[in-house]
Amino acid sequence: MKNFSILVLFLFSVNLVAQQNKVIIISNKYEFQKEKNAYNINNMLKAILVSNQYQVFFEDEVLPVEIVQNRCKALTGVLVDNSNLFLTKMKFQIRDCQNNLLFETAEVKTREKDIQNAYIETIGLLSLELKKYKPVVTTAKEVVEIPSDVVSSSIAKYQLVQITNGFAIMDSNLKVVLQIYNTTNPAIFIADKFGVKGVFTKSENKGFFEYYLNDKLVVEAYLF
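What you are looking at is a predicted structure, and each value in this text was computed from that prediction instead of being measured. (Residues numbered from 1 in each chain as written. Predicted model: local features only at pLDDT ≥ 70, side-chain atom pairs only at ≥ 80, totals over all residues. Heavy atoms only, no water.)

1. Considerations on the sheet that holds strand S11 (residues 176-182)
Part 1: Ordered in space as S9-S10-S11-S12-S13-S14-S15, the seven strands form an open sheet in which the pairing is antiparallel. Lying at the two open borders of the sheet, with one neighbouring strand each, are strand S9 (159-163) and strand S15 (216-223). Each strand of the sheet is rotated relative to its neighbour by a mean of 30 degrees, with strand direction disregarded.
Part 2: Bridge analysis of strand S10 (residues 166-170) against S11 gives five bridges, and the strand direction is antiparallel. The residue of S11 that forms the bridge with Gly 166 is Tyr 181. (Pairing = 2+ DSSP bridges. Helix = DSSP H or I, 4+ residues; strand = E, 2+ residues; numbered from the N terminus. Axes fitted to C-alpha atoms, helices over the stretch in contact; angles between N-to-C directions.)

2. Remarks on the side chain of Glu 220
Part 1: Topologically, Glu 220 is positioned in strand S15.
Part 2: There is a polar contact of 3.1 Å between the side chain of Glu 220 and the side chain of Lys 193.
Part 3: Of the polar contacts made by the side chain of Glu 220, one reaches the side chain of Tyr 222; its length is 2.7 Å. (Polar contact = N/O pair within 3.5 Å; in protein donor to acceptor, adjacent residues only side chain to side chain.)

3. Concerning the packing of helix H2 (residues 41-51) against helix H4 (residues 115-130)
Axes are the key here: two packed helices are described by the angle between their axes and the distance separating the axes.
Part 1: With their axes 10 Å apart at the nearest point, H2 and H4 run at an angle of 25 degrees to one another. One element, H2, and the other, H4, form an angle in the roughly parallel class. Crossing hand, H2 versus H4: right-handed. Side by side, H2 and H4 meet where Ile 41, Met 44, Leu 45, Ile 48, Leu 49 and Ser 51 of the first sit next to Gln 116, Tyr 119, Ile 120, Ile 123, Leu 126, Ser 127 and Leu 130 of the second.
Part 2: Its residues assigned to classes, the contact of H2 with H4 shows 10 nonpolar, three polar and no charged. (Parallel < 35°, antiparallel > 145°, perpendicular 65-115°, else oblique. Left-handed = near helix turned anticlockwise from the far one by under 90°. Contact = heavy atoms within 4.5 Å. Nonpolar A, V, L, I, M, F, W, Y, C, P; charged D, E, K, R; others polar.)

4. Comments concerning the pattern of salt bridges
Part 1: Taken as a whole and assessed by the stated rule, the structure comprises six salt bridges.
Part 2: Two residues, Lys 197 and Asp 192, come together in a salt bridge whose shortest N-O distance is 2.8 Å.
Part 3: Classification of Lys 197 by relative accessible area gives exposed; the value is 56%.
Part 4: Note on Asp 192: relative accessible area 19%, which makes it buried.
Part 5: For Glu 220, the salt bridge is made with Lys 193, and the minimal N-O distance between the two is 3.1 Å. Here Glu 220, found in strand S15, pairs with Lys 193, found in strand S12 (residues 188-193); they are 27 residues apart in sequence, far enough to count as distant. Of the two residues, Glu 220 and Lys 193, both sit in the buried class. (Salt bridge = Lys/Arg side-chain N within 4 Å of Asp/Glu carboxyl O. Buried < 20%, exposed > 50% of the residue type's maximum accessible area, 1.4 Å probe, protein only.)

5. Examining the packing of aromatic side chains
Part 1: Applying the stated criterion across every chain yields a total of 10 aromatic pairs.
Part 2: With centroids separated by 4.7 Å and ring planes inclined at 35 degrees, the aromatic side chains of Phe 209 and Tyr 211 adopt a geometry described as tilted.
Part 3: By way of ring pairs, the aromatic residues Tyr 158, Phe 167, Phe 189, Phe 200, Tyr 222 and Phe 224 are connected into one cluster.
Part 4: Lying over the aromatic face of Tyr 54, Lys 22 brings its terminal NZ or CZ to 3.9 Å of the ring centre. (Phe/Tyr/Trp six-rings, centres within 6.5 Å; stacked < 30°, edge-to-face > 60°. Lys NZ or Arg CZ within 6 Å of the ring centre and 35° of its normal.)

6. As for the environment of Asp 114
Part 1: Mapped onto the elements of the fold, Asp 114 is located in the loop between strand S7 (108-110) and H4.
Part 2: Along the primary structure Asp 114 and Thr 88 are separated by 26 residues, whereas in three dimensions their C-alpha atoms are 9.9 Å apart.
Part 3: Side-chain polar atoms of Asp 114 contact the backbone nitrogen of Gln 116, separated by 3.2 Å.

7. A few points about the state of the cysteines
Part 1: The final tally for this structure, using the stated rule, is one disulfide.
Part 2: The partner cysteine of Cys 72 in its disulfide is Cys 97, sulfur to sulfur 1.9 Å. Classification of the bridge connecting Cys 72 and Cys 97 rests on its S-S torsion, roughly 80 degrees, and on that basis the disulfide is right-handed. Note that Cys 72 is positioned in the loop between helix H3 (65-69) and strand S4 (75-81) and Cys 97 in the loop between strand S5 (88-95) and strand S6 (101-104), a separation of 25 residues in sequence.
Part 3: Judged by relative accessible area, Cys 97 falls into the partly exposed class, the value being 23%. (Disulfide = S-S within 2.5 Å.)

8. Brief notes about the pairing of S10
Part 1: Where burial is concerned, most of S10 is hidden: four out of the five residues are buried.
Part 2: As defined by bridge partners, S9 adjoins S10 across five bridges and the pair is classed as antiparallel. Of the residues in S10, the one forming a bridge with Gln 159 is Met 170.
Part 3: What sits between S9 and S10 in their antiparallel hairpin is a turn of two residues, with Asn 165 showing a positive phi close to 65 degrees.
Part 4: Hairpin connection, S10 to S11: the antiparallel pair is bridged by five residues, and Leu 174 has positive phi, about 60 degrees.

Given below as structure tokens:
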């Protein structure tokens, strides 16, 4: 019999969680702006996002506790200005907490010469483009075969034991199966499983260890 074990990959990992929510954080001064809210661009952008059913925060606002504790519960909105002397051209990107691009609008443009009116027009056009974004919602599970000496074959109860700069994750036999180390985000850890390195994300009484094996993403679930 092949020396393989079955691992259920929970595809509702941190990136998918971020895609399912409608909380988005935007800047009040993007790279192309010389000052905050120049030409009222950022306030207009916030207004169109709110009209598209998003809960919107500027990056320097006081954020809800759940977002502060886990930045992956919010998306990030990036406004890109590709304007030139003849055209005002803009597009809007939606990214997750790891800066992965989830959605990008088509580039909208106008020949309006008055800069304020041009921004009003282009941001209005972006509102229509945003309606095309459909967050990915999935509860699907994928089963793959991977070597038994790399992963556990089942999802069981584990316990966290504090160590220097992080925690050791121990099974019911008090054997260390994974070590995780603190980052600046209290919900995200650098993880090491006997040389297999990845990212560990903790939420309440469960956590997910994500790493690559033979160029394939593997996600292990842990219950506490």
